[in-house]
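# An overview of the molecular structure
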Amino acid sequence: MFVPHSHDPADAIDDAMEANAAGIRALKISLVLLLATTVLQAVVVAFSGSVALLADTVHNLSDALTAVPLWVAFVLGRRAASRRYTYGLGRAEDLAGLFIVFVVALSAVVAAWQAVDRMLHPQPLENIGWVIAAGVIGFAGNEAVAVYRIRVGKRIGSAALVADGVHARTDGFTSLAVVLGGIGVLLGFPLADPIVGLVIAAAIFVLLIGTVRSVGRRLLDGVEPELVDRAEHALEHVDGIDRIDRLRLRWVGHRLQGDALVIGRPGQDAEAIAVAAEGSVRAHLRNVDDFTVTVRTAR
């Protein structure tokens, strides 16, 4: 749940411009949905005084705002490579992922502080029925956004967008926790509301573990081992290749780049092998932008 990665070549988009457009479209739609959810919850917070719902609302707002840097990153990713940025600006997406980590951590601190303050200075909770309804709305809105972001993120190979989708899904479960807090107050346990606020804060910190791991791996040029396996499989079945000496892959945003050094059999056309090998890798990994194969002849 916290670190979902699936880059099935059957589902991948093989055109960089189309992938960027799909990512931006997903961010626009999810931004509108989350802002609408946040506004509805904020109205209920104003006349209920629920600290658990306030924590959930703040987190939903932060989740909505994370769409903005991702949007900027996808726009930057459209720019062509230059003499200064020879790989293009796809890595802006990973920087946006770092911003998401910061925002999530900040929302957890705010939620925890509000919950502790309410436990030290109890206040009566009003309109509990509306609080419960707002929690249900929060769950529905976040789950819709999560499903959409994760589906598009997997399809275009964007770890940042998938992480943001998982973030929204966890927010949905914390919204259900608000419902439990409201029910606890109805049953005569007023501390249920701030306790749920603390649980929400803890859940956010747990979310950070998977998000930091996912984004950090990309920043360190880490790739999923199954992608390397697919590239090796693609090269091993090219006629004329004796063995693979080196294979490297890296993510630049949500697109792959890489190279391979292979040993060709004596008497084979090295240029023809390289062309066939590059085509085979692209067929197996459709979100590859650049892949160069160097062929050396065995002696």
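It should be noted that the structure appears before, not after, this text.
Read on for an overview of the structure. (Residues numbered from 1 in each chain as written. Predicted model: local features only at pLDDT ≥ 70, side-chain atom pairs only at ≥ 80, totals over all residues. Heavy atoms only, no water.)

## Section: helix 3 (residues 67-77)
Where helix 3 is concerned, the buried positions are Ala67, Leu70, Ala73 and Phe74. One side of helix 3 holds all its buried residues, which, seen down the axis, span an arc of 120°. (Buried < 20%, exposed > 50% of the residue type's maximum accessible area, 1.4 Å probe, protein only. Helix = DSSP H or I, 4+ residues; strand = E, 2+ residues; numbered from the N terminus. Arc of directions from axis to C-beta.)

## Quick look at the sheet that holds strand 2 (residues 255-264)
The mixed open sheet is built from three strands, whose spatial order is 1-2-3. Strands with a single pairing partner mark the edges of an open sheet, and in this sheet they are strand 1 (241-252) and strand 3 (288-297). Shown here is a sheet whose adjacent strand axes are inclined to one another by a mean of 15°, direction ignored. As paired strands, strand 2 and strand 3 are joined by nine bridges and run parallel to one another. (Pairing = 2+ DSSP bridges. Axes fitted to C-alpha atoms, helices over the stretch in contact; angles between N-to-C directions.)

## Description of the environment of Leu95
Relative to the assigned elements, Leu95 resides in helix 4 (residues 92-120). Here the alpha-carbon distance between Leu95 and Gly216, two residues 121 residues apart in the chain, equals 9.9 Å.

## Looking at the packing of helix 8 (residues 225-236) against helix 9 (residues 270-284)
Any two packed helices are characterised by how steeply their axes cross, that is the angle between the axes, and by the distance between the axes. Interaxial distance between helix 8 and helix 9 falls to 8 Å at its minimum, and their mutual angle equals 140°. Taken together, helix 8 and helix 9 sit at an angle that is classed as oblique. For the pair helix 8 and helix 9, the crossing hand works out as right-handed. The residues of helix 9 that touch helix 8, namely those facing Arg230, Ala231, His233, Ala234 and Leu235, are Ala277, Ser280, Val281 and His284. Among the residues forming the contact of helix 8 with helix 9, the class breakdown is five nonpolar, three polar and one charged. (Parallel < 35°, antiparallel > 145°, perpendicular 65-115°, else oblique. Left-handed = near helix turned anticlockwise from the far one by under 90°. Contact = heavy atoms within 4.5 Å. Nonpolar A, V, L, I, M, F, W, Y, C, P; charged D, E, K, R; others polar.)

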